[in-house]
Each structure stands twice: as C-alpha cells, then as structure tokens.
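Structural overview
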Amino acid sequence: MEKNYTDLLAALHIGGAHPGSLKQTKQMLDTVDLNKQSYVLDAGCGTGQTIAYVAQKYGCTVYGIDQHEEMIQKTRKRIAESPSPVKVFKGNIEELPFEENSFDMVLSESVTAFTQVRKALKEYRRVLKPNGTLMMNEMTKIGHLEPDEQAEFKAFYGFSGLLNQTEWEYHLATAGFKQVESRMIPANKEAPGEVYRIEKLDRAYNDMLMQHQFLTEKFASKLGACLYICHS
C-alpha cells in the first residue's frame, strides 16, 4: 500500500504536528473552562499527546478518535496509565460514533482540513452539548494560490480543499455554530513534536519528509494557520 503523509506522522511518532504544537494547545485550552465534569472530544487525536495532556491537566473525561491504526495503538500506549477516564476509538470524524449532545468541547488540531469540511463540522455540531465549544487549529490560506499550486499541495497532503479565513468562518456559521471568533496563529519555525530521527526512516518516508519540508518553505507566504473558536 502506498504511504501517505499521515503514515509519515505515525512513523515519526509526532506528538503535535499542528501549528504551534503542544505549546499552542496549552494556550488554546487556557481560554476555556474545563473541569472534572467536562467531556472533551479530540477529533483526529493522532498519537494522543493532546488527550493525555487534557486528562492530566483537567481530570475530565476525554475521548479521542482517529482513523489511522498505528496512531490509535500509540495513543493507547501513551494513555495506559492515565488516572482520568480516557477512551480512544478508531473511526471517521465525518461519521462520529457518538450520540447527540455528548461533549462540552470538541477539539480539532490540523485535522478538519483533511476531511470533507462541511460533513465534519456538522458532526462536531451534532455531538456538542448546547452551548458547547468547538476549538480548531487549522491550516488557512493567506495568499493567492494558482490552480497548479493548489493541486500540488492537495495531492501531497490529501486535502479536499484549501480555505481562507472567511471561508472557514462561513462554513462554521453554515454548520450552525455561533459567536465564531478567529485569529491567526504566529508562524513557528521550530519542527513540531519530537525531534525527527531521519536515519531510522525507510527511503519512502525520507523522501516524503523532504517533500514536506520543501512544500512548507515554498508556501510559507501563502498558507498559515488560524485558531477558530465557536459555540453550538
């Protein structure tokens, strides 16, 4: 089976590939009121860095969902000794396996852009309790991209589309979210997550990592990240 960008992240055991990594996650969570009675969903939990932090910091019930088997295995290993209730599911965030009104907060960190956005946002809205909070750290188009540039970027990362800030806000409002707030996340030139151990990667992953770094530099002035906060 041909390897993709998500396989690369799993192979590198990246804890936080989203812009700003765990530092940005902590800053983001400092703006919301979580406690031991809260139910939190990490949509696209990756290797579990965020759900482990949320469980340890706030003592609340945390659910994670991801469709990548290796990510799920690494998440379960990471949270094995968590003192707080943590559950991890394999599944598609466009069809969340949870009841309506289940969560006080849904968190998505550089994940929704990889999905059919309208479907994912509707699912977030469905599983949130009334007045629940959605927080997203998502790739956002900040400059003009030619059609061939968009095609190059989407082909490598598997995006269904590239949205600017106004388009993200529109889709959030259309999905039924209220009080939509957004702000750009400062660019972070440091490598995300753990230090890359390139010498341990096979040739395919080495080539993929080099391509990722090339595209990141090539589109640095045209693609950024934005924090979106809204309520159900």
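Structure's up top.
First, a word on scope: everything that follows refers to the structure included in this document. In this text the structure is predicted, and so the values were computed from the model without any measurement.

Rules behind the numbers
- Residues numbered from 1 in each chain as written.
- Predicted model: local features only at pLDDT ≥ 70, side-chain atom pairs only at ≥ 80, totals over all residues.
- Heavy atoms only, no water.
- Helix = DSSP H or I, 4+ residues; strand = E, 2+ residues; numbered from the N terminus.
- Buried < 20%, exposed > 50% of the residue type's maximum accessible area, 1.4 Å probe, protein only.
- Contact = heavy atoms within 4.5 Å.
- Areas by Shrake-Rupley, 256 points an atom, 1.4 Å probe, with all protein chains shown as cover.
- Core = buried A, V, L, I, M, F, W, Y, C linked by side-chain atoms within 4.5 Å.
- Polar contact = N/O pair within 3.5 Å; in protein donor to acceptor, adjacent residues only side chain to side chain.
- Phe/Tyr/Trp six-rings, centres within 6.5 Å; stacked < 30°, edge-to-face > 60°.
- Pairing = 2+ DSSP bridges.
- Axes fitted to C-alpha atoms, helices over the stretch in contact; angles between N-to-C directions.
- Salt bridge = Lys/Arg side-chain N within 4 Å of Asp/Glu carboxyl O.

All right, on to the overall build of the protein then. Check the secondary structure of the protein and you find eight helices and seven strands. The buried share of the protein, reckoned over its 232 residues, is 49%. Contacts in the protein between residues far apart in sequence, at least 24 positions, make up 78% of those at least 6 positions apart. Accessible surface for the protein amounts to roughly 11900 Å². Of this, 48% is attributable to carbon and sulfur atoms.

Counting residues in each nonpolar core, the largest one holds 43 residues, and the members touching the most others are L41, V106, Y124 and L134. Top contributing element to this core by residue count: helix α5 (residues 117-127), with five residues. Sequence-distant contacts of L134, defined by excluding residues within four places in its chain, comprise V106, L121, Y124, L128, L172, F177, Y228, I229 and C230. Residues M28, L34, A55 and M105 belong to the second largest nonpolar core, which totals 23 residues.

Turning our eyes to something else, we now look at the side chain of S232. For S232, the position within the fold is in the segment after β7 (223-231). With a relative accessible area of 4%, S232 lands in the buried category. Looking at S232, its side chain comes within polar contact range of the main-chain nitrogen of G132, at 2.8 Å.

Turning next to the packing of aromatic side chains. Two aromatic rings, taken as a pair, are described by how far apart their centres are and by the angle between their planes. The full count for this structure, using the stated rule, is 12 aromatic pairs. For the pair F153 and Y157, a centre-to-centre distance of 4.6 Å together with 40° between the ring planes defines the contact as tilted. Of the two residues, F153 and Y157 are both situated in helix α6 (residues 147-157); the distance of four residues between them amounts to about one turn of the helix. Residue F153 shares its accessibility class with Y157, and that shared class is buried.

A separate point is the sheet that holds strand β1 (residues 39-43). Within the open sheet, the seven strands sit side by side as β3-β2-β1-β4-β5-β7-β6. Their pairing is mixed. Either end of the sheet is taken by a strand with one partner, and the two such strands are β3 (86-90) and β6 (178-184). The sheet shows a mean angle of 15° between the axes of neighbouring strands, direction not considered. Across the sheet, helix α4 (residues 69-78) is in contact with β2 (61-66) and β3; its angle to β3 comes to roughly 165°.

Next up on the list: the pattern of salt bridges. Scanning the model with the defined rule gives six salt bridges in all. A salt bridge links R126 to E123, with the shortest nitrogen-to-oxygen separation between them at 2.9 Å. Pair noted here: R126 and E123 are both in helix α5, with a separation of three residues, about one helical turn. Classification of R126 as partly exposed rests on a relative accessible area of 25%. Put simply, K218 and E152 hold a salt bridge, and the shortest N to O gap is 2.7 Å. Of this pair, K218 sits in helix α8 (residues 203-218) while E152 sits in helix α6, and the two are 66 residues apart along the sequence.

Of note in this structure, S110 is not a glycine but carries a positive phi near 55°. With respect to the element layout, S110 can be found in the loop between β4 (103-109) and α5. The backbone of N131 shows a phi angle near 65°, a positive value even though the residue is not glycine. Tracing the backbone through its elements, the reader meets N131 in strand β5 (residues 128-141). With relative accessibility at 60%, the residue N131 sits in the exposed group.

Once that is clear, we can look at the pairing of β7. Judged by how many residues are buried, β7 sits mostly within the fold: seven of nine residues are covered. As paired elements, β5 and β7 share nine bridges and run antiparallel to each other. Looking across to β7, one finds that E138 is bridged to C226. Here five bridges tie β6 to β7, and the two strands are oriented antiparallel to one another. Paired with M184 across the strands is C226, a residue of β7.

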